Amino acid sequence: MGLVKQLFIRAVLREGYDVMVSDVDVAWLRPPWPLVRYSSVRSAPAENGAVEQEASLLALADVVLSVDQVQQYLDCDKHRWHVDSELNTGVLFFRASAGALAVLDEWLGTFQK
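In every chain, residue numbers begin from 1 and rise along the written sequence. Per-residue local features are limited, in this predicted model, to residues with pLDDT of at least 70; the limit for side-chain atom pairs, both in listing and counting, is 80 or more; totals at the level of whole chains, interfaces and linings are taken over all residues. The side-chain quantities take in all heavy atoms of the structure and omit both hydrogens and water.

Here we take up the pattern of salt bridges. Any carboxyl oxygen of Asp or Glu that lies within 4 Å of a side-chain nitrogen of Lys or Arg is treated as forming a salt bridge with it. For the structure on display, the rule yields three salt bridges. The salt bridge partner of Lys5 is Asp23, with a shortest N-O separation of 3.2 Å. Remark: Asp23 occurs in the loop between β1 (19–22) and α2 (33–36) and Lys5 occurs in helix α1 (residues 2–14); sequence separation between them is 18 residues. For Arg10, the salt bridge is made with Asp105, and the minimal N-O distance between the two is 3.0 Å. With Arg10 in helix α1 and Asp105 in helix α3 (residues 98–112), this residue pair connects regions lying 95 residues apart in the sequence. Burial classes: relative accessible area under 20% of the type maximum marks a residue as buried, over 50% as exposed, and values in between as partly exposed (1.4 Å probe, protein chains only). The buried category is assigned to Arg10, whose relative accessible area is 9%. Segments assigned H or I by DSSP are reported as helices when at least four residues long, segments assigned E as strands when at least two residues long, and all are numbered from the N terminus.

And the structure:
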């Protein structure tokens, strides 16, 4: 399923749309859009207001995803911010950008190994 998801996301991004994907077992308790809206430094601000302040850096990210790691002590430079953790593709957000397409290129490379 990961390969199909990757190909679908790439096709939508190439059309100029941002992509939010969540598995069917994800429960959204409130809309996620205030967390990933464009900030004031982006050229296309979202309608209905600004980014939630605690998510201002998140709104600048080309890719947002979850990891299967719940130990908060690993959320630091010393533990490399979960870089070596398994990716959990249950929730993914890709901004229509060159950076997001580069991440998809790397992801595709993992399928080809």
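Summarising the element assignment, Arg37 is placed in the loop between α2 and β2 (63–67). Judged by relative accessible area, which is 18%, Arg37 ranks as buried.

On to the side chain of Gln6. With respect to the helices, strands and loops of the structure, Gln6 is situated in helix α1. According to the relative accessible area criterion, Gln6 is buried, its value standing at 0%. Only heavy atoms enter the contact rule, under which two residues are in contact if any of them lie within 4.5 Å. Residues contacting Gln6, with those up to four places away along its chain left out, are Leu104, Asp105, Trp107, Leu108 and Phe111.

Quick look at the nonpolar core now. In terms of nonpolar packing, the biggest core is built from nine residues, these being Ile9, Leu13, Val19, Val21, Leu92, Phe94, Ala100, Leu104 and Trp107. Among the secondary structure elements, those contributing two or more residues to this core are α1, β1, β3 (87–94) and α3. Of all the elements, α3 adds the most residues to this core, at three residues. The nonpolar core is taken to be a set of buried Ala, Val, Leu, Ile, Met, Phe, Trp, Tyr and Cys residues, with the residues joined through side-chain atoms within 4.5 Å.

Moving on: the side chain of Ser97. Its place among the elements puts Ser97 in the loop between β3 and α3. Ser97 sits in the buried class, given a relative accessible area of 17%. Here a polar contact is recorded for every N or O atom pair within 3.5 Å, except that within protein the pair must consist of a potential hydrogen donor and a potential acceptor, and residues adjacent in sequence are included only if both atoms are side-chain atoms. In this structure the side chain of Ser97 is engaged in a polar contact, spanning 3.2 Å, whose partner is the backbone nitrogen of Ala100.

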